[in-house]
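# Architecture at a glance
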Amino acid sequence: MAKKILCVPLDPVHDVGLKLIRSALDERGYTTVLLSPDLSLEAISKKAASDDYDFILVSRTIGYGVAEILGRFIDLLDASGVREKSKLILGGKAITPELAAELGFDKGFGEHMQIDELIAYIEGRERDIVVDRLQREKKDIAEGYSYRFVHAEIEELLSDICDKLLQWTESRHSAGVERAKIREELINAGENGKRESLYKKYNSHCDSEITNGNTKNIYPTGVRNVSQEELSALEGYISTTHPHAPVTIQHNQDRPLIFKFLGSGCPIMDLVHGKIVERWGINGFLIINPSWEARYEGLLQGCLTHENDGTITSLENIKLMKQYLDPSTLLTVRAHRGLNTPETVLLAGAAGADLTKINLVYGSLGAGTDPERLAVDGVEAIRYAARYNMPFDIPGNDELSGVPAWKTLAGLLINVMLGKKLGAKPILKPLFCYGPHIVLNGMMDQNFVDFNAAKIYALRQIVDCPIWPGEPIAFMTQSEERVQAANATSYHAALAASLGVDVVTIASTDEAYSRGPIAIASRIDTIRAVTDAYRFMGDAQISPTGQADLFTEDMIKKIIEVLKEVQSKTSLAEAIYEGALGNEEDGAYPGTFGKGTLTAASAKI
């Protein structure tokens, strides 16, 4: 026999929520009665007593004195005998399960209630909505892209530049490449007797700070091992804490995936934050390594934490992330800079990471590595990315120093062609930002839409390749006011969705102005803002003005000019040294880490 249900909007105006609930109940064959809003408590009580209702659903949207009103309502139902024959359910924005129980209701639902939860309760099969994992599938960002160049002249220029680069690197070797080869032997050696000699060989190619850490546990300042007690506490937390009513950020499957940074310095804290924001819909994370790690020859081993920004990219730390993040969550490991690029990519692949980050140009200009050293290491790193089938994103953050967009995009495209030639899957990563060159030249005086859109338009007219605006979007447009920062991120995310990109990276609302550790509430701020923006936009689009087409045309023309200049040099490294992809006037300087460390490929290091 179908249950009879009375729906009571205990509100002066609103009954939208109960209308949705009533529709779902009607579809399942229940007999429902929906009262109008703004009835007196006495009138509602009289209606409730007039029939044998199995359930009375009471909705209270918001307002002052909620507890007092609901308490009086319960008293009236008690007096009229309704309380004895009907189960009372309370829901609404102002409601918590604890408040409902305190007031005498049988069940309470808050603003995040799902209708199937309510129906399950009514049908006597109240389900435990705790789940062991998020109910979503892992995405392949590179899926469906051909990597075919559609601009013939640019393709020819890029091909020649990359052929010269590959030929140039063939005769050169580095300690970074050597360590990666030794590390690969160690990974494959298991527990056999070769390990001790391999470790000695590895450490002979490291700086003393790394060797002391790996052999004597004497670490750089602030670094220590994660204790077994800390790991046990993490296991206890994750095994007993599961995603409650997980959120989906994307309103439909056409909207971009959303990534955030991890890099607090502590892998335990990273995972706690990561598990929380997984529930809020985040699709993936970028592990950001500490700046000092990029300056030393060699990588530390072990599950390690330290006191500064950036999480140490040891094999053990990456494995820990993969162990506890949801199987559907994508993980990428930064390797685009420093003296350990090939080994970092190797460790990412061996630990099961999904993606990595490599840019031979930006890593040599904005991230401090010598162009010749990174040319050799970067090529080897891309080979590892191809071997592990890890797509690599190409960050274009050199634009933040003042490098014009067309130089940055030319650098990205060189990496795309190089990745294609080496069998890897590159991902273009232009900035959505308000950078120095843009400010000085007034490219965003009218709006922030046209110039950012032009970057996407230009890249789409050159190559069929995934596009992932970063790093993060809305950089330089945020302030330390959290609402404004979240809004700025959501506007840029909506634009990215309108332009059909694949992924965006977003920051926490306190990231640019943090005076201490990043707060979890600030991480959620921008996620919720982007979720609302995607829902608001739906399948609609932001329409750039005709200026975007003019920017696009000019950008492609200037990309060609830059690539011709690069092509005229004997190598990519020479082009970077001489400023073809960013010069001192642009605020870009060739890096010096690893300068003069290359050897002949035939020589033993």
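Now for a description of the structure that goes with this document. No experiment lies behind these values; they were computed from the predicted model shown.

Attention now goes to the overall build of the chain. Check the secondary structure of the chain and you find 24 helices and 18 strands. Its C-alpha atoms put the chain at 95 × 65 × 40 Å along the principal axes. Put simply, the chain has 605 residues, and 56% of those count as buried. Considering only contacts within the chain whose residues lie at least 6 apart along the sequence, 78% involve residues at least 24 apart. Accessible surface computed for the chain: about 25300 Å², of which carbon and sulfur atoms make up 49%.

Turning our eyes to something else, we now look at the sheet that holds strand β17 (residues 503-505). Spatially, β14-β13-β12-β11-β9-β8-β17 is the arrangement adopted by the seven strands of the open sheet, whose pairing is parallel. Across the chains shown, the open sheet's two edge strands, defined by having one partner strand only, are β14 (426-429) and β17. For this sheet, the mean inter-axis angle between neighbouring strands, taken without regard to orientation, is 25°. In terms of strand pairing, strand β12 (residues 355-357) meets strand β13 (residues 392-395) through two bridges, oriented parallel. Note that in β13 the partner of K357 across the bridge is D393. The strands touched by helix α18 (residues 405-421) within the sheet are β13 and β14, with β14 carrying the most contacts at an inclination of about 175°.

As a further point, take the nonpolar core. Ranked by size, the top nonpolar core spans 128 residues in total, and within it I559 and L581 carry the most contacts. Among the elements that make up this core, the one with the highest residue count is α18 (ten residues). In contact with L581, not counting residues within four places along its chain, are V361, L365, V403, K407, A410, G411, I414, V562, V566, L572, A575 and I576. Residues L41, A48, L88 and A100 belong to the second largest nonpolar core, which totals 23 residues.

Evaluated as defined, the whole model comprises five aromatic pairs. The residue whose ring lies beneath R183 is Y202, and the NZ or CZ to ring-centre distance is 4.7 Å. Positioned over the ring face of W468 is K429, at 3.6 Å from the centre of the ring.

Running from N to C, helix α7 (residues 152-170) and helix α23 (residues 547-567) point in directions that differ by 30°, and their axes come no closer than 10 Å. With respect to their mutual orientation, α7 and α23 come out roughly parallel. Taken as a pair, α7 and α23 cross one another with a handedness that is left-handed. Side by side, α7 and α23 meet where E153, I154, L157, L158, D160, I161 and K164 of the first sit next to I556, I559, I560, L563, K564, V566 and Q567 of the second. In terms of residue class, the contact of α7 with α23 is built from nine nonpolar, one polar and four charged.

Omega for the peptide link from G470 to E471 comes to 5°, which places this bond in the cis form. Within the element layout of this structure, E471 appears in strand β16 (residues 470-475). The omega angle of the peptide bond from E471 to P472 is 5°, so this bond is cis rather than trans. Along the chain, the position of P472 falls in strand β16. The phi torsion at D38 lies on the positive side, around 70°, for a residue other than glycine. Here D38 is to be found in the loop between β2 (31-34) and α2 (41-49).

The next subject is the pattern of salt bridges. Under the counting rule described, the total for this entry stands at 34 salt bridges. One salt bridge connects R22 with D26, and the closest N-O pair in it is separated by 3.8 Å. Of this pair, R22 and D26 are both found in helix α1 (residues 16-27), four residues apart, which corresponds to roughly one turn of the helix. Given a relative accessible area of 30%, R22 falls into the partly exposed group. Here D26 falls in the partly exposed class, since its relative accessible area comes to 36%. For D354, the salt bridge goes to K138, with nearest N and O atoms at 2.9 Å. Placement of D354 in the loop between α15 (341-351) and β12 and of K138 in the loop between α6 (115-122) and α7 is noted, with a sequence separation of 216 residues between them.

In contact at an axis separation of 9 Å, α18 and α23 are set at 60° when each is read in the N-to-C sense. Viewed along their axes, α18 and α23 adopt a mutual orientation that is oblique. For the crossing formed where α18 meets α23, the hand is right-handed. Where α18 approaches α23, its residues A405, W406, K407, L409, A410, L413 and I414 are matched on the opposing element by M555, K558, I559, V562, L563 and V566. Of the residues assigned to the contact of α18 with α23, the class counts are eleven nonpolar, no polar and two charged.

Moving on, we come to the pairing of β2. Bridge count for strand β1 (residues 4-9) against β2 is four bridges, and the pairing is parallel. Across the sheet, I5 pairs through a bridge with T32, a residue of β2. Each parallel crossover has a hand, and the one from β1 via α1 to β2 is right-handed.

With that settled, the discussion passes to a nonpolar patch on the surface. Together, V16, L20 and I115 make up a nonpolar patch on the protein surface, roughly 260 Å² of accessible area in all. Assignment of secondary structure puts I115 in helix α6. On the accessibility criterion, I115 (30% relative accessible area) is partly exposed.

What counts, and at which threshold
- Residues numbered from 1 in each chain as written.
- Predicted model: local features only at pLDDT ≥ 70, side-chain atom pairs only at ≥ 80, totals over all residues.
- Heavy atoms only, no water.
- Helix = DSSP H or I, 4+ residues; strand = E, 2+ residues; numbered from the N terminus.
- Buried < 20%, exposed > 50% of the residue type's maximum accessible area, 1.4 Å probe, protein only.
- Contact = heavy atoms within 4.5 Å.
- Areas by Shrake-Rupley, 256 points an atom, 1.4 Å probe, with all protein chains shown as cover.
- Pairing = 2+ DSSP bridges.
- Axes fitted to C-alpha atoms, helices over the stretch in contact; angles between N-to-C directions.
- Core = buried A, V, L, I, M, F, W, Y, C linked by side-chain atoms within 4.5 Å.
- Phe/Tyr/Trp six-rings, centres within 6.5 Å; stacked < 30°, edge-to-face > 60°.
- Lys NZ or Arg CZ within 6 Å of the ring centre and 35° of its normal.
- Parallel < 35°, antiparallel > 145°, perpendicular 65-115°, else oblique.
- Left-handed = near helix turned anticlockwise from the far one by under 90°.
- Nonpolar A, V, L, I, M, F, W, Y, C, P; charged D, E, K, R; others polar.
- Salt bridge = Lys/Arg side-chain N within 4 Å of Asp/Glu carboxyl O.
- Right-handed = clockwise from strand over helix to strand, strands pointing away.
- Patch = residues over 30% accessible without salt bridge, like charges linked within 9 Å, V, L, I, M, F, W, Y side chains within 5 Å.

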